Amino acid sequence: MDTDAVVVGAGPSGATAALLLARAGHKVVLVDRARFPRDKACGEGVMPPGVEALRRMGLLEHVLATGARPIAGVTYQHSSAAARVKVPFPAPPGGGPAHGLGVRRTSFDAVLVDAVRREPFAVVREAECVTRLIRDAGRVTGVTTTSGEIRARAVIAADGLHSPIRSWMGLRVSPRARLRYGLAGHWRVETRDLNAITVTLAGDHEWYEAPVGPDLLLVSILTERSQPPVTPRSYAAAARRSVPALRDAELVSGPLGAAQFHQRVRRVAEHGVFLVGDASGYDDPTTGDGIAIGMLLAERVAENVGDFLTARVPIEVAEARYARDHIQLVRDRRRLTQLALFLARSPHLSRRALERAVRDPRALGKLVAINCGYQTFRDLTPRDWLSLAGV
Ligand SMILES: Cc1cc2nc3c(=O)[nH]c(=O)nc-3n(C[C@H](O)[C@H](O)[C@H](O)COP(=O)(O)OP(=O)(O)OC[C@H]3O[C@@H](n4cnc5c(N)ncnc54)[C@H](O)[C@@H]3O)c2cc1C
């Protein structure tokens, strides 16, 4: 099968890229080894820039219709202190929704895939695994799948955190970071009065709560090595002990797990292959921005690949421009993740920072704005840094 672009992976990054390319009039094949709706370990919070991306694509109403919950901000608390502070999401600089969303990945990802399915220039192929790249004279010119070959002028790899395409391209840099893992489960809990994500810092682990439906609370743990260790088997008991809302609640599904978050790449585009979303490098789910940044990166990839497909620029220029856009989008967010992990690992420091934020939440508010891409680290003043240090 010959097409303009083949997109491997139909998560939020791949589906967004495929949708935008198809809407621009390019022939696209979107392939995923899963059949949708499919589930995935996730904290299920979509940050405000992701909501804005959904609005731009005309899909926000569709997502809300699945029971997704508007999220007004993030509440941070410490397991060993009374400190608790709610930081509202900041308004986007150019206007637009100042809220995030709590979503079920089963329905959220399916809304995006269904939107691609409706496009006349797009073909969605599910339950089909990509097994190999096709190369011609140094360029990648398609993929081999469990059903045959797909020849394409550009290949977009949106195949997730442990991207096989990234490895086949030799673009993966061996991770140096410590191994963190996450477990996420859904609980039957009345969520009518909840409109924030709650993050509880507990020293060697963190708990995250997000309302994702009228009576559904997503509760996830992220940890390197908690004491005692939380495993899929002990998750439910540990969650009930640690999250008061779960004491008498029913575990409806899960837990699903994921591990080894820190992934780095040598390059995000090379030889006709463009990496997007988690496949293009990842740090840690702690800042909850993977879906949003995946969609923003997909917008950039669609524009640059589109410029190549319409012969406005050669492929090398499209690759270089996408690499520049990628750095601009992820640089400060990566720094922020490192800062968040540093604070989470230092119980004394994070407790002091939270106690300080209860009195003056401005510095914490700026970190949330940096996570949204609305501010940069240059906007942090010496006073903000002192505040984050608990002074
Ligand atoms: C515990 C945890 C909590 C998280 N919490 C949040 C949160 O609250 N908010 C947030 O925004 N992000 C969160 N994230 C991150 C978020 O889940 C990812 O950033 C997001 O799913 C990335 O989307 P993607 O489209 O790049 O990849 P994915 O959603 O992973 O999609 C990749 C797709 O590629 C397909 N695929 C892979 N290999 C092949 C192949 N060989 N052939 C065909 N198809 C293939 C897979 O089936 C999959 O459907 C969390 C992650 C974890 C693990």
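Reading the values: rules and limits
- Residues numbered from 1 in each chain as written.
- Predicted model: local features only at pLDDT ≥ 70, side-chain atom pairs only at ≥ 80, totals over all residues.
- Heavy atoms only, no water.
- Near = heavy atom within 4 Å.
- Polar contact = N/O pair within 3.5 Å; in protein donor to acceptor, adjacent residues only side chain to side chain.
- Areas by Shrake-Rupley, 256 points an atom, 1.4 Å probe, with all protein chains shown as cover.
- Helix = DSSP H or I, 4+ residues; strand = E, 2+ residues; numbered from the N terminus.
- Nonpolar A, V, L, I, M, F, W, Y, C, P; charged D, E, K, R; others polar.
- Pairing = 2+ DSSP bridges.
- Axes fitted to C-alpha atoms, helices over the stretch in contact; angles between N-to-C directions.
- Contact = heavy atoms within 4.5 Å.
- Buried < 20%, exposed > 50% of the residue type's maximum accessible area, 1.4 Å probe, protein only.
- Salt bridge = Lys/Arg side-chain N within 4 Å of Asp/Glu carboxyl O.
- 1 Å grid on protein atoms, 1.4 Å probe; cavity = no way out; pocket = protein on both sides within 12 Å on 5 of 7 lines; lining within 4 Å.
- Points joined across faces, edges and corners; volume = space filled by probe spheres on them.
- Parallel < 35°, antiparallel > 145°, perpendicular 65-115°, else oblique.
- Left-handed = near helix turned anticlockwise from the far one by under 90°.

Novice: It is not clear to me how the site of the ligand should be interpreted in this structure. Could you clarify?
Specialist: Residues in close proximity to the ligand total 33 residues, the closest being Asp 32, Gly 43, Gly 45, Asp 278 and Ile 291. At a separation of 2.6 Å, an oxygen atom of the ligand approaches a polar side-chain atom of Asp 32. In the model, a nitrogen atom of the ligand is placed 2.6 Å from a nitrogen or oxygen of the Gly 43 main chain. In the complex, the protein chains occlude 95% of the 1000 Å² of accessible area that the ligand would expose alone. At the level of secondary structure, the elements contributing two or more residues to the shell around the ligand comprise helix H1 (12–23) and helix H7 (290–309). Grouping the constituent residues of the shell around the ligand by class yields 14 nonpolar, nine polar and 10 charged.

Novice: What exactly am I supposed to notice about the sheet that holds strand S17 (residues 250–259) here?
Specialist: To summarise the sheet geometry, strands pair through backbone hydrogen bonds and adopt either a parallel or an antiparallel arrangement. Strand order across the open sheet formed by seven strands is S6-S5-S14-S15-S16-S13-S17, with mixed pairing between neighbours. Looking at the sheet topology across the chains shown, the edges are occupied by strand S6 (84–88) and S17. Each strand axis lies, on average, 20° off the axis of its neighbour in the sheet, ignoring direction. Against the sheet, helix H9 (residues 347–359) engages strand S5 (73–78), S6 and strand S14 (196–201), with an angle of about 125° to S5.

Novice: How should the environment of Asp 109 be read in this particular structure?
Specialist: Along the chain, Asp 109 falls in helix H4 (residues 105–117). Taking the relative accessible area as the measure of exposure, Asp 109 reaches 1% and is therefore buried. Separated by 70 residues in the primary sequence, Asp 109 and Asp 39 place their C-alpha atoms 8.7 Å from one another. The contact partners of Asp 109, leaving out residues within four places of it in the chain, are Gly 11, Pro 12, Phe 36 and Arg 38.

Novice: Would you take a moment to explain the pattern of salt bridges for this structure?
Specialist: Opposite charge on two side chains permits pairing when their charged atoms draw close. In total, this model carries 31 salt bridges according to the counting rule given. The closest approach of N and O atoms between Arg 188 and Asp 215, which form a salt bridge, is 3.6 Å. Here Asp 215 lies in the loop between strand S15 (205–213) and strand S16 (216–223) and Arg 188 lies in strand S13 (residues 181–188), a separation of 27 residues in the sequence. Among the residues examined, Arg 188 registers a relative accessible area of 39% and is labelled partly exposed. A salt bridge links Glu 190 to Arg 192, with the shortest nitrogen-to-oxygen separation between them at 3.9 Å. Given the relative accessible area of 63%, Arg 192 is considered exposed.

Novice: How should I be thinking about empty space enclosed by the protein in this particular structure?
Specialist: Unoccupied space between atoms shows up once a probe the size of one water molecule is rolled over them. Taken as a whole, this structure holds one cavity of 30 Å³ or more when the rule is applied. Put simply, the largest cavity is a space of about 180 Å³. Along its surface, the largest cavity is lined by 18 residues, and Gly 281, Tyr 282, Asp 283, Asp 289 and Ile 293 are the ones closest to its centre. When residues of the lining of the largest cavity are traced back to their parent elements, those giving at least two are H7 and helix H8 (315–345). Of the residues belonging to the lining of the largest cavity, the class tally is four nonpolar, eight polar and six charged.

Novice: Sorry if this is basic, but what is going on with the layout of surface pockets here?
Specialist: Space inside the second largest pocket adds up to approximately 470 Å³. Residue lining of the second largest pocket: 22 residues in total, with Gln 328, Leu 329, Arg 333, Gly 373 and Thr 376 positioned closest to the centre. The set of elements that each furnish at least two residues to the lining of the second largest pocket consists of helix H2 (48–56), H7, H8 and helix H10 (362–372). The leading source of residues in the lining of the second largest pocket is H8, at seven residues.

Novice: Help me out: how do you make sense of the packing of H2 against H7 in this one?
Specialist: The geometry of a pair of packed helices is captured by two quantities: the angle between their axes and the separation between those axes. At a minimum axis distance of 8 Å, the contact between H2 and H7 shows a crossing angle of 45°. With respect to H7, the axis of H2 lies oblique. In terms of crossing hand, the pair formed by H2 and H7 is left-handed. Residue-level contacts link Pro 49, Gly 50, Ala 53, Leu 54 and Arg 56 of H2 to Ala 292, Met 295, Leu 296 and Glu 299 of H7. Classifying every residue of the contact of H2 with H7 gives six nonpolar, one polar and two charged.

Novice: Explanation requested: H2 in the structure shown.
Specialist: Within H2, seven of the nine residues are buried, leaving the element largely enclosed by the surrounding structure. Turning to H2, its buried residues are Pro 48, Pro 49, Gly 50, Val 51, Glu 52, Ala 53 and Leu 54. Following H2 by one or two positions, Gly 58 has its phi on the positive side, about 75°.

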